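# Secondary and tertiary structure notes
Here is what each chain is made of, one letter per residue.
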Amino acid sequence: MYVKFKLFNSILFSKKRILFIYIIILAFLLTFLNFMFISSYNNMQQADIPDIVVKGKMDDDGELKYKYYNDMPDLVYTLRNKLDGNVKIYSVIARSMMTDKDPLTNNFIEYTIYGVSNDFFNNVLNRNIQYGHAIEDGNQQILMGSYAKNFYNVDIGDVVYQPITLKQDWMQEDIGLYSLSGELSNQLSYFKGGIFLLRENFEEQYGQLDDNLVFIYVDDKESYDKTLDLLQTIKMTDPSIGTINMNYYEKHSIIKNTVISCAFLAALSIVIILLLVSYLMKGSAKKIGILKALGMSNRIVISVLNGGMLVVLLLSMLLSLVLTEIVAIAYNQYLSNFYGFRVREFTLNPYCVLVDIVFICICFAALFIRVYFLTVRTSPRAAMQKIN
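The following refers to the structure shown. On a predicted model such as this, the values are computed, not experimentally measured, just so you know.

### Structural notes on the side chain of Asp356
Here Asp356 is to be found in helix α11 (residues 350-377). A relative accessible area of 1% means that Asp356 is categorised as buried. Within polar-contact distance, the side chain of Asp356 engages the side chain of Ser320 at 3.5 Å. Setting aside residues no more than four positions away along its own chain, Asp356 makes contact with Leu30, Asn34, Met317, Ser320 and Leu321.

If you want it as structure tokens, here you go:
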């Protein structure tokens, strides 16, 4: 094994310190790619918001009450009858806890209770849980956005001593009924002040309630235009509808920019792989020819070089994952100290590991092909002539 390592090192790197420097440089490169990917992944989470939000009218006096918006009893039924499967419609009951100003951004944050369906939990919220777990069947549990969790100062598993109810007004008996099962990702900024409970469970106990908010997700631009036109038509004859907020273009702008960023990363990675292969193979033909002149077969040369490079690539990947985790922890701690509550802006996720594995596999495949053809085509006589 030691002889093979010496042989591998002498052909591709000449000196041990060059090999170590190469591993470190590759590890830092992978760490950079990891953070670029994590940043793109975070941006995609920000895009997990409704394309259209329809709100019921507020009371004529303009006062913000606990019931928030007035009911829109017929809207969801009408939409589902006239739209196809490319449009996902979620009926919501919203109740206003309070509105506060964020001292860091100076923006207003609405702390809102949302009674949403099990489908909305499964399709949207559960995949964005950063801490804790999804609401368990039969339990009085809620999910909270990152700001809401910090504002009400609760931890996962704690009983929330706040009035949590979907009734139009709360009473003393509504305090302390729910415990916190999970916290949504800090990247899901649209719902950072949200408190989510399972609507079906609540209505099973207290009876059927009408919607006062509707979340709409569309699959494409055609569905968006069709839905928006229908809503505008319905609004002219339905006095219960208040405002219609459109997030489609903002959402898809985030997605488009993220896709462009990922494409740039992929192109950059390919260029880097080609440069790495070119650097490693520089001047190696002569050494390979000498080994063949000494009687070493093509199979042994190929296995030694590719086996050694596989070890180097794997060591670099492991080192990069460790560096990514250390830097992420340090950066998250800095942000947590700055904001005054726990923040996880960067997290080493399984997708990040998968990206590293794909990078290593492509790099190894390129090296394998280059080594194979170089070894097969290099003759001992040509190598000896280069020496002379």
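### Some details on the packing of helix α2 (residues 16-46) against α11
Two numbers describe how α2 lies on α11: the axes approach to 10 Å, and their chain directions differ by 135 degrees. With respect to each other, α2 and α11 are oriented oblique. Where α2 crosses over α11, the handedness of that crossing is right-handed. Residues Leu26, Leu29, Leu30, Leu33, Asn34, Phe37, Ile38 and Tyr41 of α2 form the contact with α11, whose own contacting residues are Tyr351, Cys352, Val355, Asp356, Phe359 and Ile360. Looking at the contact of α2 with α11, its residues break down into 12 nonpolar, one polar and one charged.

### Regarding the environment of His252
Residue position: His252 is located in helix α8 (residues 248-281). With relative accessibility at 27%, the residue His252 sits in the partly exposed group. Linking His252 and Asp51, residues 201 residues apart in sequence, is a C-alpha distance of 9.1 Å.

### Topic: the packing of helix α10 (residues 298-339) against α11
Contact pair α10 / α11: the axes reach a minimum separation of 10 Å and the direction vectors enclose 160 degrees. Taken together, the axes of α10 and α11 lie roughly antiparallel to each other. The interaxial crossing formed by α10 with α11 has right-handed handedness. The segment α10 lies against α11, with Asn298, Val301, Ile302, Leu305, Asn306, Met309, Leu310, Leu313, Met317, Ser320 and Leu321 engaging Val353, Asp356, Ile357, Ile360, Cys363, Phe364, Leu367, Phe368, Val371, Tyr372, Thr375 and Val376. Its residues assigned to classes, the contact of α10 with α11 comprises 18 nonpolar, four polar and one charged.

### Quick notes on the environment of Ile254
In this structure, Ile254 sits in helix α8. Sequence spacing of Ile254 and Gln46 is 208 residues, and the spatial spacing of their C-alpha atoms is 7.8 Å. Ignoring any residue separated from it by four or fewer positions in sequence, one finds Ile254 in contact with Asn43, Gln46 and Ala47.

### Topic: the nonpolar core
Residues Tyr114, Phe120, Leu125, Phe191, Phe196 and Phe215 are the most contacted members of the largest nonpolar core, which totals 22 residues. Within the residue set of this core, elements represented by two or more residues are β2 (87-101), β3 (108-116), α4 (118-125), β8 (194-198) and β9 (213-218).

### Description of the pairing of strand β5 (residues 141-144)
Note on strand geometry: in a regular strand, side chains alternate between the two faces of the sheet. Of the two faces of β5, the one carrying Gln141 and Leu143 and the one carrying Ile142 and Met144 are both buried. Of the strand pairs in this sheet, β5 and strand β7 (residues 178-184) are connected by four bridges, and their pairing is parallel. In the sheet register, Leu143 faces β7, and the bridge partner there is Gly182. Relative to β8, β5 runs antiparallel, the two sharing two bridges.

Conventions and cut-offs
- Along every chain, residues carry numbers that run from 1 in the direction the sequence is written.
- Restriction of local features to residues with pLDDT of at least 70 applies here, the model being predicted, together with a cutoff of 80 or more for giving and counting side-chain atom pairs; totals for whole chains, interfaces and linings are based on all residues.
- Computation of side-chain values: all heavy atoms of the structure, hydrogens and water removed.
- Elements are defined by DSSP. Helices are runs of H or I of four residues or more, strands are runs of E of two residues or more, and each kind is numbered from the N terminus.
- For every residue, the accessible area (1.4 Å probe, protein chains only) is compared with the maximum for its type, and the residue is labelled buried under 20%, exposed over 50%, or partly exposed between those bounds.
- Whenever a nitrogen or oxygen atom comes within 3.5 Å of another N or O atom, the pair is scored as a polar contact, on the condition that within protein one atom can donate a hydrogen and the other can accept it, and that pairs from neighbouring residues in sequence are kept only if both atoms are in side chains.
- Should any heavy atoms of two residues lie within 4.5 Å, those residues are counted as being in contact.
- For helices, the fitted axis covers only the stretch in contact; all axes are lines through C-alpha atoms, and the angles between them, taken along N-to-C directions, range from 0 to 180 degrees.
- Should an angle lie under 35 degrees it is considered roughly parallel, over 145 roughly antiparallel, and from 65 to 115 roughly perpendicular; all remaining angles are considered oblique.
- Note: crossing handedness is left-handed where the near helix turns anticlockwise from the far helix by less than a right angle, and right-handed where it turns clockwise.
- Under the scheme applied here, ten amino acids are nonpolar (Ala, Val, Leu, Ile, Met, Phe, Trp, Tyr, Cys and Pro), four are charged (Asp, Glu, Lys and Arg), and all others, including Gly, are polar.
- Put simply, buried Ala, Val, Leu, Ile, Met, Phe, Trp, Tyr and Cys residues joined by side-chain atoms within 4.5 Å make one nonpolar core.
- Paired strands, in this sense, are two strands between which DSSP finds at least two bridges.

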